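Structure assessment
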Amino acid sequence: QFSLAASERELFEAQIYFDSGDFDKAVQTAYEAMVQAAQALVKTRTGVILGTVRYMPPEQMATGEYTRASDLYSAGLVVYELLSGCPAFPPDLDYLGLLKLKQAGRVEPLSDLVAHLPPAVDRAILSAFSSDPHDRPESAAQLRDELTGAAAESRRLLEPARDGDRLGGEHR
């Protein structure tokens, strides 16, 4: 179960609720929540920096610049936290310490925190909050496609072998 309430580019962790369950459904509902949040973000005024610093991209923290790539950064952090159960960056850092860490792009890979996480999921989420906006997916649709593909890959890897598909090429 996943739900999100967001307005004016403002997203707080208290607005996100996630119960463990089906991984594929979690990926799909996380994407749907990102779309819902993006649609609710149209009220921000130019030149006004709003937001929770923890989810703010480094370019916004440093210069106030905010683009579609910035939304993907924030969404990537939210999905990271949903899957790992912990924030990508230490919560006790001050503004400048957090900015430096975000600009350096240093974050613990999800695969170190989540057992059996498919590498494609790890790559897709980490790319979403790359420190360089040009290294992020070009759109939420691209991120969705990467996560959907990763979920399909993980299903294939986890499916039990069918008769005739035994390891070592044995067939009945």
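Structure's up top.
Given the structure is predicted, the values throughout are model-derived calculations rather than measurements. (Residues numbered from 1 in each chain as written. Predicted model: local features only at pLDDT ≥ 70, side-chain atom pairs only at ≥ 80, totals over all residues. Heavy atoms only, no water.)

For the protein chain, the helix and strand inventory stands at 7 helices and 2 strands. Put simply, the protein chain runs from its N terminus to its C terminus through helices and strands in the order β-β-α-α-α-α-α-α-α. A buried classification covers 38% of the 172 residues belonging to the protein chain. Of the contacts formed within the protein chain by residues at least 6 apart in sequence, a portion of 61% connects residues at least 24 apart. Approximately 10,200 Å² of the protein chain is accessible, and the part contributed by carbon and sulfur atoms is 52%. (Helix = DSSP H or I, 4+ residues; strand = E, 2+ residues; numbered from the N terminus. Buried < 20%, exposed > 50% of the residue type's maximum accessible area, 1.4 Å probe, protein only. Contact = heavy atoms within 4.5 Å. Areas by Shrake-Rupley, 256 points an atom, 1.4 Å probe, with all protein chains shown as cover.)

Summed over the entire model, instances satisfying the criterion amount to 3 salt bridges. Across the pair Arg-54 and Glu-81 runs a salt bridge whose closest N-O atoms are separated by 2.7 Å. Here the residue Arg-54 occupies a position in the loop between α1 (23-39) and α2 (58-63), and Glu-81 occupies one in helix α3 (residues 68-84), the gap between them amounting to 27 residues. Note on Glu-81: relative accessible area 18%, which makes it buried. Arg-136 is paired through a salt bridge with Glu-59; the nearest N and O atoms lie 2.8 Å apart. Of this pair, Arg-136 sits in the loop between α6 (119-128) and α7 (140-158) while Glu-59 sits in helix α2, and the two are 77 residues apart along the sequence. Here Arg-136 matches Glu-59 in class, with each residue buried. (Salt bridge = Lys/Arg side-chain N within 4 Å of Asp/Glu carboxyl O.)

As a further point, take the packing of aromatic side chains. Enumeration according to the criterion identifies 3 aromatic pairs in this entry. A ring pair is formed by Tyr-73 and Phe-129, whose centres lie 5.9 Å apart and whose planes are at 85°; its orientation type is edge-to-face. With Tyr-73 in helix α3 and Phe-129 in the loop between α6 and α7, this pair connects stretches of sequence that are 56 residues apart. Here Tyr-73 and Phe-129 have matching classes, each one buried. Ring centres of Tyr-80 and Phe-129 lie 5.6 Å apart, and the angle between their planes is 90°; on these two criteria the pair is classed as edge-to-face. One end of the pair, Tyr-80, is in helix α3; the other, Phe-129, is in the loop between α6 and α7, and 49 residues separate them in sequence. By the ring-pair criterion, three or more aromatic residues cluster together here, those being Tyr-73, Tyr-80, Phe-89 and Phe-129. (Phe/Tyr/Trp six-rings, centres within 6.5 Å; stacked < 30°, edge-to-face > 60°.)

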